[in-house]
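# Observations on the three-dimensional arrangement
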Amino acid sequence: ASLLLGRALLVTDVARRHRLELLATLTILALALGYRFFDYDVMPQYLENGDELFALWNGWSILHDGTPRGWTLWPGSYGGQPITMTLISMHGVEWHVIEPYFEHPPLLHVLVGAAAMLGGADDWSHARLVHGRLVPIFLSTLSTWLVIVLSRRLDGRRTSTRLAPYFAGLFYAVLPTIAVQGRVIKEEAILTPLILGAVLSFFRWRDEGRKTRDVVIAAVLAGACML
C-alpha cells in the first residue's frame, strides 16, 4: 500500500510540474508576442532600416513575376544594369530601384512578400511594413519557444522544476533590444529559429537513439540557413 501511495504521489507531482512548466511556457510566449506587437507598425520607423523595404519589394516581386528587385544608394556601381525607377520619400531619401538584384538571400523576403500580398499589395511599391513585420514577429516568438526547449535539454535535470530554461526564455522574450529587433524584417529573423532548430534536432539525434530522421532535419535546417 505504501508503495502504491508513493507511486501515486510521484505521478501527481510529475503531472503538477508539467502543468506548471506548460503554464510558464505559455505565459512567456504571450509576453514575447505582446512586446513585439506593441507599436510594431511605427517603431522602428520605416527609414531606420531601409533593408526592410528592400525585403518587401524583393519578396513581392519574386512571387509575382519571378524577378528579384531591390534598391541601391549607388546606382552608378552597377555598370548599366537597369534602374527601373527612382522613388523619393517624404524625407527626401532617394531609392534607386534596380533589377535583377542578387545581393541578399531570398527566404525571408519570400515570406514577407507573401504577407504583403495577403495584406492587399497589388504592386511591389505598395508593400507595407504593417503586414511584412508580422512575419518576423511570429518567427521571433517561435525562437523564444525554441530557446526554452533547447535550454531544457541543456539543463538536463529531471527531478525538480527547472527554472533556468524559463529565465532564458523570459530574457529572450522581454529584453528590449531583442524584442524591438524581433519585429524588424531582417534575415536574422529566419536565421535564428533555423539555427536553434538545427542544434535541437542534432541533440535529439545524439541523445535519443541516433534516429536518421533527426539528423536529416538538422541538416536540412542548417542548409536552409544559406537561404
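Throughout what follows, the structure given in this document is the object of discussion.

Right, let's get into the overall build of the chain. Along its length, the chain carries 9 helices and 3 strands. The linear arrangement of helices and strands in the chain, starting from the amino end, is α-α-β-β-β-α-α-α-α-α-α-α. Of all 227 residues assigned to the chain, the portion counted as buried reaches 38%. Partitioning the contacts of the chain with sequence separation of at least 6, the portion at a separation of at least 24 is 73%. A total of about 12700 Å² of accessible surface is found on the chain, and carbon and sulfur atoms cover 67% of it.

Each aromatic ring pair is specified by the distance between its two centres and by the angle formed by the two planes. Going through the model one piece at a time under the given rule, you end up with 7 aromatic pairs. When the centroid spacing of 5.0 Å and the interplanar angle of 75° are considered together, the rings of W57 and W124 count as edge-to-face. You can see W57 sitting in helix α2 (residues 51-65) and its partner W124 sitting in the loop between α3 (107-118) and α4 (129-132), a full 67 residues away along the chain. Summarising the burial analysis for this pair, W57 and W124 share the class buried. Centre to centre, the rings of W71 and W95 are 4.8 Å apart; their planes meet at 85°, and the pair counts as edge-to-face. Of this pair, W71 sits in strand β1 (residues 70-72) while W95 sits in strand β3 (residues 94-98); the two residues are 24 residues apart in sequence, bridging distant segments of the chain. Under the relative-accessibility criterion, W71 is labelled buried at 13%. A connected cluster of aromatic rings, assembled from ring pairs, spans W57, W71, W95 and W124.

Time to look at unusual backbone geometry. Cis rather than trans, the peptide bond between M43 and P44 has omega equal to -5°. Within the secondary structure, P44 sits in the loop between α1 (2-37) and α2.

Cut-offs used in this document
- Along each chain, residues carry numbers from 1 onward, in the same order as the chain's sequence is written.
- Since the coordinates come from a predicted model, pLDDT governs what is reported: local features require at least 70, and pairs of side-chain atoms require 80 or more to be given and counted, while whole-chain, interface and lining totals use all residues.
- Excluded from the side-chain calculations are hydrogens and water; all other atoms, namely the structure's heavy atoms, are used.
- Helix numbering and strand numbering both begin at the N terminus, where a helix is a DSSP run of H or I of at least 4 residues and a strand a DSSP run of E of at least 2.
- Under the scheme applied here, a residue whose accessible area is under 20% of the maximum for its type counts as buried, over 50% as exposed, and between as partly exposed, the area being computed with a 1.4 Å probe on protein chains only.
- Whether two residues are in contact is decided by their heavy atoms: any pair within 4.5 Å suffices.
- What sets the accessible areas is the Shrake-Rupley method with a 1.4 Å probe; for residues, cover comes only from the shown protein chains.
- Aromatic contacts are taken between Phe, Tyr and Trp rings whose centres are within 6.5 Å, Trp giving its six-membered ring; a plane angle under 30 degrees counts as stacked, one over 60 as edge-to-face, and the others as tilted.

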